[in-house]
Amino acid sequence: MELYVDTANIEHIRHCAELGFVSGVTTNPSLLAQEDPNVDIKQRILEIHKLIGGHLSVEVISTDTKGMLKEADEILSWFPDATIKIPMIPAGLAAVKELNNNDIPTNVTLVFTPTQAMAAANAGATYVSVFMGRLDDISTPSNEVLNTVCDIWETQGYDALIIAASIRHSQHLIDAALAGADIATVPYKVLMQSLGHPLTETGLKQFLADYDRMQTERMKAIGV
Ligand code: E4P
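In this text, all values refer to a predicted model and were calculated from it rather than measured experimentally. (Residues numbered from 1 in each chain as written. Predicted model: local features only at pLDDT ≥ 70, side-chain atom pairs only at ≥ 80, totals over all residues. Heavy atoms only, no water.)

## A closer look at the packing of aromatic side chains
For step 1, the next point in the chain: Overall, the coordinates contain two aromatic pairs when judged by the stated rule.
For step 2, the next point in the chain: Ring centres of W153 and Y158 lie 4.6 Å apart, and the angle between their planes is 45°; this geometry places the pair in the tilted category.
For step 3, the next point in the chain: Under the relative-accessibility criterion, W153 is labelled buried at 8%. (Phe/Tyr/Trp six-rings, centres within 6.5 Å; stacked < 30°, edge-to-face > 60°. Buried < 20%, exposed > 50% of the residue type's maximum accessible area, 1.4 Å probe, protein only.)

Right, dumping it as structure tokens:
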């Protein structure tokens, strides 16, 4: 399962890019506004694109097909390898169909049910983003929904890549990987938390202390 970072924060994206285990970025209007409500969206997106050099989903804000397609054109004029993020609404499906006919990748967002996921795939979505955290928020077990979507994909042979989105903690990452999601898009904080364990820290501390002790003993032995 690939990992994307779900943010519009430049420093966080830079850090992930340096670490080398993240292959893409997803953004949405809320994430952009969270960083800076006055942000120049085009500049910010181009900055992100330069840093990550991999997948970058940029979301449209129109709710009609024509408007979405116009925005997609605009985003593609910024950088041609953009993935256009389209909301899971009927007008969005028509936009996905049209973009797919023109070989433009799309990421259908705000997917909460297997039937929405299938509709997005049938319209020609490249990626389908199933929102885990928001499902759990309404007491709908997200792992069950994602498992069902992945089982359907296996049975039906859908090509669209499944993104586990709205990730809140490491257990979501494990559930997504077990279900068979292709990608998880993860907030920076959760990504960093997923890398650590107290035993890794104490273990490393001990290794370094023992190495220092060894060096000191060796210096003593050779009379330095
Ligand atoms: C991903 O593409 C979505 O924008 C994101 O995962 C939403 O997450 P949230 O539910 O934490 O806002």
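From this point on, the discussion continues.
## A short note on the pattern of salt bridges
For step 1, the next point in the chain: Scanning the entire structure with this criterion turns up five salt bridges.
For step 2, the next point in the chain: Residue K85 is joined to E59 by a salt bridge in which the shortest nitrogen-to-oxygen separation is 3.7 Å. Of this pair, K85 sits in strand 4 (residues 83-87) while E59 sits in strand 3 (residues 55-59), and the two are 26 residues apart along the sequence. Residue K85 shares its accessibility class with E59, and that shared class is buried.
For step 3, the next point in the chain: When the shortest N-O distance is used, the salt bridge between R168 and D137 registers 3.0 Å. Residue R168 is found in the loop between strand 7 (161-165) and helix 9 (170-179), and its partner D137 is found in helix 7 (residues 132-137); the two are separated by 31 residues along the sequence. (Salt bridge = Lys/Arg side-chain N within 4 Å of Asp/Glu carboxyl O. Helix = DSSP H or I, 4+ residues; strand = E, 2+ residues; numbered from the N terminus.)

## Digging into the site of the ligand
For step 1, the next point in the chain: Taken together, the residues surrounding the ligand are D6, T26, N28, K85, F131, R134, A165, S166, R168 and T185.
For step 2, the next point in the chain: Taking R168, its side chain carries an N or O atom lying 3.1 Å from an oxygen atom of the ligand.
For step 3, the next point in the chain: Split by residue class, the shell around the ligand holds two nonpolar, four polar and four charged. (Near = heavy atom within 4 Å. Polar contact = N/O pair within 3.5 Å; in protein donor to acceptor, adjacent residues only side chain to side chain. Nonpolar A, V, L, I, M, F, W, Y, C, P; charged D, E, K, R; others polar.)

## Points about the environment of T202
For step 1, the next point in the chain: As for its position among the elements, T202 is in helix 11 (residues 198-221).
For step 2, the next point in the chain: Separated by 201 residues in the primary sequence, T202 and M1 place their C-alpha atoms 29 Å from one another.
For step 3, the next point in the chain: Looking at T202, its side chain comes within polar contact range of the main-chain oxygen of L199, at 3.4 Å.

## Side note on the nonpolar core
For step 1, the next point in the chain: Membership of the largest hydrophobic core comes to 61 residues, with the highest contact counts inside it found for I84, L146 and W153.
For step 2, the next point in the chain: In terms of residue count, the dominant contributor to this core is helix 8 (residues 142-156) (six residues).
For step 3, the next point in the chain: Other than its neighbours up to four places away in sequence, W153 contacts A117, M118, A121, V128, Y158, A160 and I162. (Core = buried A, V, L, I, M, F, W, Y, C linked by side-chain atoms within 4.5 Å. Contact = heavy atoms within 4.5 Å.)

## Some details on the environment of P90
For step 1, the next point in the chain: Along the chain, P90 turns up in helix 5 (residues 90-101).
For step 2, the next point in the chain: Owing to a relative accessible area of 71%, P90 belongs among the exposed residues under this scheme.
For step 3, the next point in the chain: Counting along the chain gives 29 residues from P90 to A119, while the straight-line C-alpha distance between them is 9.3 Å.

## Examining the packing of helix 8 against helix 9
For step 1, the next point in the chain: Across the interface, helix 8 lies against helix 9 with an axial gap of 9 Å and an inter-helix angle of 20°. One finds that helix 8 runs roughly parallel with respect to helix 9. For the element pair helix 8 and helix 9, the recorded crossing hand is right-handed. Note on element contacts: helix 9 touches helix 8 through H172, D175, A176 and A179, opposite S142, N143, L146, N147 and C150.
For step 2, the next point in the chain: Among the residues making up the contact of helix 8 with helix 9, the classes are represented as four nonpolar, four polar and one charged. (Axes fitted to C-alpha atoms, helices over the stretch in contact; angles between N-to-C directions. Parallel < 35°, antiparallel > 145°, perpendicular 65-115°, else oblique. Left-handed = near helix turned anticlockwise from the far one by under 90°.)

## Looking at the sheet that holds strand 1 (residues 2-6)
For step 1, the next point in the chain: Overall, parallel pairing links the eight strands, which are arranged 1-2-3-4-5-6-7-8 in a closed barrel. Direction aside, neighbouring strands of the sheet carry axes that sit 30° apart on average.
For step 2, the next point in the chain: Inspection of the sheet shows strand 7 paired to strand 8 (residues 183-186) by two bridges, in the parallel sense. Paired with I163 across the two strands is I183, which belongs to strand 8.
For step 3, the next point in the chain: Against the sheet, helix 5 makes contact with strand 4 and strand 5 (106-111), and its axis sits at roughly 155° relative to strand 4, the strand it touches most.
For step 4, the next point in the chain: Lying over the sheet, helix 8 contacts strand 6 (127-131) and strand 7, oriented at roughly 175° with respect to strand 7. (Pairing = 2+ DSSP bridges.)

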